[in-house]
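As a plain string of letters, each chain reads:
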Amino acid sequence: MESGGRRGLASAGGPVSATPMLRQDSGTGAEARVRGPGAVRARRFLLCLYLVGFLDLFGVSMVIPLLSLHVKSLGASPTVAGIVGSSYGILQLFSSTLVGCWSDVVGRRSSLLVCILFSALGYLILGASTNVFLFALARVPVGIFKHTLSISRALLSDLVAEKERPLVIGQFNAASSVGFILGPMVGGYLTELDGGFYLTAFICFSVFILNAGLVWLFPWCEAKLSSAEKGLPAREDSAPWGRTDSHGQATATPRRSTASARPARPPWLEVASTLRDMKSLVFSEMWDIFAVRLLMAVAVMLYYSNFVLALEERFGVRPRAAGYLISYSGALGALAGPALGPLLRLYRHDGRAILLHSSALTCLLLVLHAAARSVAVAVLCSSLLAVSTAVGRTCITDLQLAAGGARASGAVIGVGQSVTAVGRIIAPLLSGLAQEVSPCGPPSLGAALALVAIFLMSLNRARYGGDGGGGGGGSDKLKRA
């Protein structure tokens, strides 16, 4: 139990850090892949998930850049606009873990559909918002249920072997990033038309309805096949509306069969039980992973918080040119997803080492950006930061899943999203204080936080020896939930 209680950044890193359920998949590369006649069908299912991620961020990014302008046009004061804007992060803080646990209990299909449909409702209300009250009301269902990407990542974790997981999640992030690049272009064009914001919000609503239709028509039997070939039980996400398949249950490991033989409990009791186990896991075994996630998230948010303003004040770059630079950086971040494959092979699938080095690169680039004396240096730093942060996001998600266990992947990702939501709340405050000192203050403060994260990772590496042999105690605790 002691080895299981000492999981974290060090024990989640190496290729032998899989939970007992996934170790059988991490032998050779050929064995880790989905094999047999189901390979093509499983690949088709993954491509469907990539399309869901693309459409999700495509629709959202059409609207997000226009929110501040629209709420101001409704007559809201800067203070009211700030309160309404922060409501989304506050709702995400409390809903991410709950929705993640809920998706573990009721299944990925039903949770995806509910989250997409309620998010669509929020954007429909936003398209009809002619006053500040309706605008604030529209942010409520979106803040509570906008977890499509998190549940999709949890589903990917259910379907692929541990060695393949960082590459697949990186490809999913790349597909989503392409949507985030194209969305602002379409939204910027539409907003120049009469009633452009309302038209953009309605198109976003339509995109989410289309996404719900895709999820409904997904070949979920292929997800069941992929899970069976991995040696996993046919869990709720493989069966319609959370119903499990008796044949799939027979393919489970003996420990799984014993756990699933217990009498079924109401979903809310399952969620509460998982939350209790997640609390003990976070504060005992995964605290370092979530601490690093928070520090790096706030560091990057500080960099972007005054990016356009700092470029204008320091180098005279116009906002339009800064917008092009942001799109260019987003494209580079999308390209970082496919590049994860060679990177993982270079590091022998040691995700902890990749995270440590990408965080060190991020820290260095933030320092260089804060000290830049020319636009060329700032552009170079921005380009490399897009790549390092994209790689870091993928690695930290993979480490969470490795330490938390596949059966609770939704809950683990949900807790990670809640940690990021905390960063969204405190980053604007820290950015404002840092800007009082200098336009270079936010990236400088971000570099300091990244340095703390690097120190924390290095400390745990020395403490645990970096051997990845942490056992499976943390995930076993969640499996019994």
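Keep in mind that what you see is a predicted model, and the values were worked out from it rather than measured.

Some thoughts on the overall build of the protein
Logical step 1: Per the secondary structure count, the protein includes 23 helices and zero strands.
Logical step 2: Buried positions account for 55% of the 481 residues belonging to the protein.
Logical step 3: Across the protein, every contact between residues at least 6 apart in sequence was considered, and the portion connecting residues at least 24 apart equals 84%.
Logical step 4: Accessible surface for the protein amounts to roughly 20000 Å². Of this, 69% is attributable to carbon and sulfur atoms.

Considerations on the nonpolar core
A general tendency of soluble globular proteins is for nonpolar side chains to be buried together.
Logical step 1: Counting 47 residues, the largest nonpolar core has Phe45, Val63, Tyr123, Leu126, Phe208, Val215 and Trp220 as the members making the most contacts within it.
Logical step 2: At the level of secondary structure, the elements contributing two or more residues to this core comprise helix 3 (39-63), helix 4 (67-73), helix 5 (78-106), helix 6 (108-127), helix 7 (132-145), helix 8 (148-159), helix 9 (165-190) and helix 10 (196-216).
Logical step 3: The biggest single contributor to this core is helix 3, with eleven residues.
Logical step 4: Grouped together as the second largest cluster of nonpolar side chains are 44 residues, Phe290, Ala299, Leu311 and Ile454 included.

Concerning empty space enclosed by the protein
Logical step 1: On inspection of all chains with the given rule, the structure shows five cavities of 30 Å³ or more.
Logical step 2: What lines the second largest cavity is a set of 13 residues, and nearest its centre among them are Gly170, Asn173, Gly333, Gly337 and Ala390.
Logical step 3: Elements with a contribution of two residues or more to the lining of the second largest cavity: helix 9, helix 17 (319-336) and helix 20 (375-404).
Logical step 4: Of the residues belonging to the lining of the second largest cavity, the class tally is six nonpolar, six polar and one charged.
Logical step 5: Both domains that furnish three or more residues to the lining of the second largest cavity are identified here as domain 1 (39-228) and domain 2 (284-462).

Remarks on the pattern of salt bridges
Logical step 1: Tallying each qualifying case throughout the model produces six salt bridges.
Logical step 2: Between arginine 108 and aspartate 104 there is a salt bridge, with the nearest N and O atoms lying 2.9 Å from each other.
Logical step 3: By relative accessible area, arginine 108 is classed as buried at 0%.
Logical step 4: A single salt-bridge network, built from bridges that share partners, covers Asp104, Arg108 and Asp158.

Examining the packing of aromatic side chains
Logical step 1: Counted by the stated rule, this structure contains ten aromatic pairs.
Logical step 2: Geometrically, the ring pair formed by phenylalanine 197 and tyrosine 198 is edge-to-face, given 5.9 Å between the ring centres and 80° between the ring planes.
Logical step 3: Classification of phenylalanine 197 by relative accessible area gives buried; the value is 8%.
Logical step 4: One aromatic cluster is present, formed by Tyr303, Tyr304 and Phe307 through successive ring pairs.
Logical step 5: Its end group placed over the ring of tryptophan 216, arginine 109 keeps NZ or CZ at 4.7 Å from the ring centre.

A look at the environment of arginine 393
Logical step 1: The topology assignment puts arginine 393 in helix 20.
Logical step 2: Along the sequence, arginine 393 and arginine 293 sit 100 residues apart, while their C-alpha atoms lie 8.3 Å from each other.

Let's talk about the UniProt feature "transmembrane region" (unreviewed entry) in the protein
Logical step 1: Per the UniProt annotation, the sites labelled "transmembrane region" (unreviewed entry) are residues 45-67, 79-100, 112-138, 168-190, 196-218, 286-305, 325-347 and 377-396.
Logical step 2: The span residues 79-100 is 100% helical and 0% strand by assignment, and the distance between its end C-alpha atoms comes to 32 Å.
Logical step 3: Taken end to end, residues 286-305 has its terminal C-alpha atoms 28 Å apart, with 95% of it in helix and 0% in strand.

What about the packing of helix 8 against helix 9?
Logical step 1: One way to put it is that helix 8 packs onto helix 9 with a least axis distance of 10 Å and a crossing angle of 150°. Accordingly, the angle class assigned to the pair helix 8 and helix 9 is roughly antiparallel. The handedness of the crossing between helix 8 and helix 9 is right-handed. Every residue of helix 9 that contacts helix 8 at Leu149, Ser152, Arg153, Leu156 and Ser157 is listed here: Arg165, Val168, Ile169, Phe172, Asn173 and Ser176.
Logical step 2: Classifying every residue of the contact of helix 8 with helix 9 gives five nonpolar, four polar and two charged.

Quick look at the side chain of serine 96
Logical step 1: Assignment of secondary structure puts serine 96 in helix 5.
Logical step 2: Polar side-chain contacts of serine 96 include one of 2.6 Å to the backbone oxygen of glutamine 92.
Logical step 3: When sequence neighbours within four positions are dropped, the list of residues in contact with serine 96 reads His147, Gly414, Gln417 and Ser418.

Concerning a nonpolar patch on the surface
Logical step 1: Together, Ile90, Phe94, Ile425 and Ile426 make up a nonpolar patch on the protein surface, roughly 350 Å² of accessible area in all.
Logical step 2: Secondary structure elements with two or more residues in the nonpolar patch: helix 5 and helix 21 (409-437).
Logical step 3: Looking at the element boundaries, isoleucine 426 is found in helix 21.
Logical step 4: Using a relative accessible area of 33% as the deciding quantity, one classes isoleucine 426 as partly exposed.

Let's talk about unusual backbone geometry
Logical step 1: The phi dihedral of arginine 348 falls on the positive side, at around 55°, and the residue is not glycine.
Logical step 2: Topologically, arginine 348 is positioned in the loop between helix 18 (340-346) and helix 19 (351-371).
Logical step 3: A positive phi angle is found at histidine 349, which is not glycine, with a value near 60°.
Logical step 4: Tracing the sequence through the fold places histidine 349 in the loop between helix 18 and helix 19.

Looking at the confidence of the model for the protein
Logical step 1: The pLDDT averaged across the protein works out to 75; a share of 72% of its residues lies at or above 70.
Logical step 2: Of the regions scoring below 50 in pLDDT, residues 1-35 engages in 101 contacts with residues more than four places distant in sequence or in other chains.

Digging into helix 7
Logical step 1: The end-to-end C-alpha distance of helix 7, which contains 14 residues, comes to 21 Å, matching closely the 20 Å that a straight helix rising 1.5 Å per residue would cover.
Logical step 2: Those residues of helix 7 that fall on the buried side of the exposure criterion are Phe135, Ala138, Arg139, Pro141, Val142, Gly143 and Phe145.
Logical step 3: Elements in contact with the buried residues of helix 7: helix 4, helix 5 and helix 6.
Logical step 4: Of the residues flanking the start of helix 7, the one acting as N-cap is asparagine 131, its side-chain oxygen 3.2 Å from the backbone nitrogen of phenylalanine 133.

What counts and how
- Note that residues are indexed from 1 along each chain, following the sequence as it is written.
- Owing to the predicted nature of the model, reporting of local features is limited to residues with pLDDT of at least 70; listing and counting of side-chain atom pairs is limited to 80 or more, with chain, interface and lining totals taken over all residues.
- Think of the side-chain values as coming from all heavy atoms in the structure, minus any hydrogens and water.
- Comment: elements are numbered from the N terminus, with helices defined as DSSP H or I runs of at least four residues and strands as E runs of at least two.
- A simple rule labels every residue: compare its accessible area, found with a 1.4 Å probe on the protein chains alone, to the largest value its type can have, and call it buried under 20%, exposed over 50%, or partly exposed in between.
- Pairs of residues are marked as contacts when any of their non-hydrogen atoms sit within 4.5 Å.
- Only the protein chains shown count as cover for residues, with accessible areas throughout obtained via the Shrake-Rupley method and a probe of 1.4 Å.
- Working definition of a nonpolar core: buried Ala, Val, Leu, Ile, Met, Phe, Trp, Tyr and Cys residues. They are joined through side-chain atoms within 4.5 Å.
- In this analysis, the protein atoms alone were mapped onto a 1 Å grid. Cavities are point sets where a 1.4 Å probe fits without being able to get out; pockets are open sets with protein on both sides within 12 Å along at least five of seven lines; lining residues have an atom within 4 Å of a point.
- Grid points are joined across faces, edges and corners, and a volume is the space filled by probe spheres set on the points.
- Side-chain classes follow a simple rule in which Ala, Val, Leu, Ile, Met, Phe, Trp, Tyr, Cys and Pro form the nonpolar group, Asp, Glu, Lys and Arg form the charged group, and the remainder, Gly included, forms the polar group.
- Residue ranges for the domains originate in an automatic or database domain assignment.
- Whenever a carboxyl oxygen of Asp or Glu lies within 4 Å of a side-chain nitrogen of Lys or Arg, that contact is scored as a salt bridge.
- Between the rings of Phe, Tyr and Trp (Trp by its six-membered ring), a pair exists once the centres lie within 6.5 Å; its type follows the angle of the planes, with under 30 degrees stacked, over 60 edge-to-face, and the other angles tilted.
- For a lysine, the NZ atom is tested; for an arginine, the CZ atom; a charge sits over a ring if that atom is within 6 Å of the ring centre and within 35 degrees of the ring normal.
- UniProt positions are given in the numbering used here, feature names are shortened, and annotations may be inferred rather than shown by experiment.
- Only C-alpha atoms enter the line fits that serve as axes; for helices the fit covers just the stretch in contact. Angles between N-to-C directions range over 0 to 180 degrees.
- Oblique is the label for any angle not covered by the other classes, which are roughly parallel (under 35 degrees), roughly antiparallel (over 145) and roughly perpendicular (65 to 115).
- For any helix crossing, the convention is left-handed if the near helix is rotated counterclockwise from the far helix by under a right angle, and right-handed if that rotation is clockwise.
- Polar contacts, as used here, are pairs of N or O atoms within 3.5 Å; protein pairs need one atom able to donate a hydrogen and one able to accept it. Residues neighboring in sequence count only if both atoms are side-chain atoms.
- In this analysis, a patch consists of residues with relative accessible area above 30% that form no salt bridge, clustered at 9 Å for like charges and at 5 Å for the nonpolar side chains Val, Leu, Ile, Met, Phe, Trp and Tyr.
- Per-residue confidence from the predictor is reported as pLDDT, which spans 0 to 100.
- One fewer than the residue count of a helix, multiplied by 1.5 Å, yields its expected span.

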